[in-house]
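Listed here are the chains, written in short residue letters.
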Amino acid sequence: MDKDKALQKIANTLYITTQCIPSIGLMTGKMGIAIFLYQYSRISSNIDYNNLADSLLDTIYPRLYKNTPKFFSEGIAGIGWGLNFLMQEKYVEADDNILEEVDDVIRKTDKNRFIVELNEELPLFSKGIYLIARKMKEDLPSCVCELESFLSSVELDNLPYEYTQSVKYFLSRMETEGIEEDRCKALSSKLPIIEGKDAYWNQLIYENNVRLYKDSTAIYGQINNLVTNIRYSSLGLHNGLAGLGIVLL
């Protein structure tokens, strides 16, 4: 199986299964799958996958505020981030104010939520990742203050690896943007150093997939395994078909 056939197999499998997936989230649900389908549609020039991605968005947005958690992996922050990404990359056309309500929800997330977030299956610094992606410069300084207070209240060496890396990513982006540079550098210096790991939070989503990609036999074998033994939790970005597809793209 070559790369083109593998991508087509992934796309076709998602085409016939996606509407049945219960989660609307970014990591294992419809939002992440839509991102893959838009990208694959563009490179394959097949409008059917674009249309399917459009229909997924049509099912996601009406459910966005109905008992959906705020967190990044499966909640509002990740879905909003995904839609923002699609808008920035010109996969979809929408007024920027479509995310105003999401902006407001995430803006009101306080440091008490950060602690709860540590227990997520994939714990990431949702508020910081979302605000920096949306370039909400008026809210970012207060987010740094909340993060500073939160980090002073926990054992930094006990933070989940994924959370630490996502915080490092946020602080790095803040420095790049020239916002609260000194404070961000000071916070970053306190975090544990993880050898051989760059502070790119999105690598956390695809890390296992990237490792597989280095061995073509392994990645194609994993694709065949996931297609043969379909589980809804293995179709999305995180260790799923859509994630493998994006790595192959």
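Residue positions within a chain follow its written sequence, with the count starting from 1. Whole-chain, interface and lining totals are the exception, using all residues; otherwise, since this is a predicted model, local features are given only for residues with pLDDT of at least 70 and side-chain atom pairs are given and counted only at 80 or more. Calculated side-chain values reflect all of the structure's heavy atoms, with hydrogen atoms and water omitted.

Peer 1: Can you tell me about the nonpolar core, naming the residues and giving the values?
Peer 2: Throughout, nonpolar core names a set of buried Ala, Val, Leu, Ile, Met, Phe, Trp, Tyr and Cys residues whose side chains join them through atoms within 4.5 Å. Using a 1.4 Å probe on the protein chains alone, a residue whose accessible area is under 20% of its type maximum counts as buried, one over 50% counts as exposed, and one in between counts as partly exposed. In terms of nonpolar packing, the biggest core is built from 78 residues, with F36, L57, L147, L151 and F170 touching the most fellow members. By definition, residues are in contact when any of their heavy atoms lie within 4.5 Å. Those residues within four positions of L151 in sequence are excluded, and the remaining contacts are L156, L159, V167, L187 and L191.

Peer 1: Tell me about the side chain of S73, and please be specific about residues and values.
Peer 2: Within the secondary structure layout, S73 lies in the loop between α3 (47-60) and α4 (76-88). Within the local environment of S73, its side chain forms a polar contact with the side chain of E120, the two groups lying 3.3 Å apart. Setting aside residues up to four positions removed in sequence, S73 forms contacts with G25, L26, M27, E120 and L122. For helices the rule is a DSSP run of H or I covering at least 4 residues; for strands it is a run of E covering at least 2, with both sets numbered from the N terminus onward. We call two N or O atoms a polar contact when they sit within 3.5 Å, provided that within protein one can donate a hydrogen and the other can accept it, with sequence-adjacent residues counted only if both atoms are side-chain atoms.

Peer 1: Please provide a residue-by-residue account of empty space enclosed by the protein, values included.
Peer 2: Residues are called lining when one of their atoms sits within 4 Å of a cavity or pocket point, these points coming from a 1 Å grid over the protein atoms alone, where a cavity is a set in which a 1.4 Å probe fits but cannot get out and a pocket is an open set with protein on both sides within 12 Å along at least five of seven lines. Grid points are joined across faces, edges and corners, and a volume is the space filled by probe spheres set on the points. Tallied over the entire structure, the rule returns one cavity of 30 Å³ or more. K70, F71, A77, I106, T109, R113, F114, E117, S126 and K127 are the residues that line the largest cavity. Among the elements of the structure, α6 (111-117) and α7 (126-134) are those that each provide at least two residues to the lining of the largest cavity. Each residue belonging to the lining of the largest cavity can be placed in one class, and the counts come to four nonpolar, two polar and four charged. In the scheme used here, Gly and all other residues not listed as nonpolar or charged are polar, with Ala, Val, Leu, Ile, Met, Phe, Trp, Tyr, Cys and Pro taken as nonpolar and Asp, Glu, Lys and Arg as charged.

Peer 1: Explain the packing of α7 against helix α9 (residues 161-177) residue by residue, including any values.
Peer 2: Think of each axis as a best-fit line through the C-alpha atoms, taken over the contacting stretch in the case of a helix, with angles from 0 to 180 degrees between the N-to-C directions. α9 packs onto α7 with a crossing angle of 30° between their chain directions and a minimal axis gap of 9 Å. Relative to α9, α7 is oriented roughly parallel. Along this stretch, α7 crosses α9, giving a crossing that reads as left-handed. Where α7 abuts α9, its residues G128, I129 and I132 lie against S166, Y169, F170, R173, M174 and E177. Here the contact of α7 with α9 is built from residues that sort into five nonpolar, two polar and two charged. With respect to orientation, any angle under 35 degrees is reported as roughly parallel, any angle over 145 as roughly antiparallel, any angle of 65 to 115 as roughly perpendicular, and every other angle as oblique. By convention the crossing between two helices is left-handed if the near helix lies anticlockwise of the far one by an angle smaller than a right angle, and right-handed if it lies clockwise.

Peer 1: Can you lay out the side chain of S126 for me, pointing to particular residues and giving the numbers?
Peer 2: Counting through the fold element by element, S126 comes out in helix α7. Residue S126 is classed as buried on the basis of its relative accessible area of 4%. The residues contacting S126, other than those within four sequence positions of it, are F71, F72, A77 and E117.

Peer 1: Describe helix α1 (residues 3-17), naming the residues involved and giving the relevant values.
Peer 2: With 15 residues, α1 extends 21 Å from end C-alpha to end C-alpha; this agrees with the ideal 21 Å at 1.5 Å per step. Three or more residues of α1 are buried, namely A6, L7, I10, A11, T13, L14 and T17. Buried positions in α1, seen along its axis, are confined to an arc of 160° and lie on one side of it. Relative to its buried face, α1 has exposed residues pointing more than 90 degrees away, namely D4, K5 and I16. Two to three positions downstream of the cap, the backbone nitrogen of D4 sits 3.3 Å from a side-chain oxygen, assigning the N-cap of α1 to D2. Multiplying 1.5 Å by the helix residue count minus one yields the expected span of that helix. This arc describes the spread of directions from the helix axis toward the C-beta atoms.

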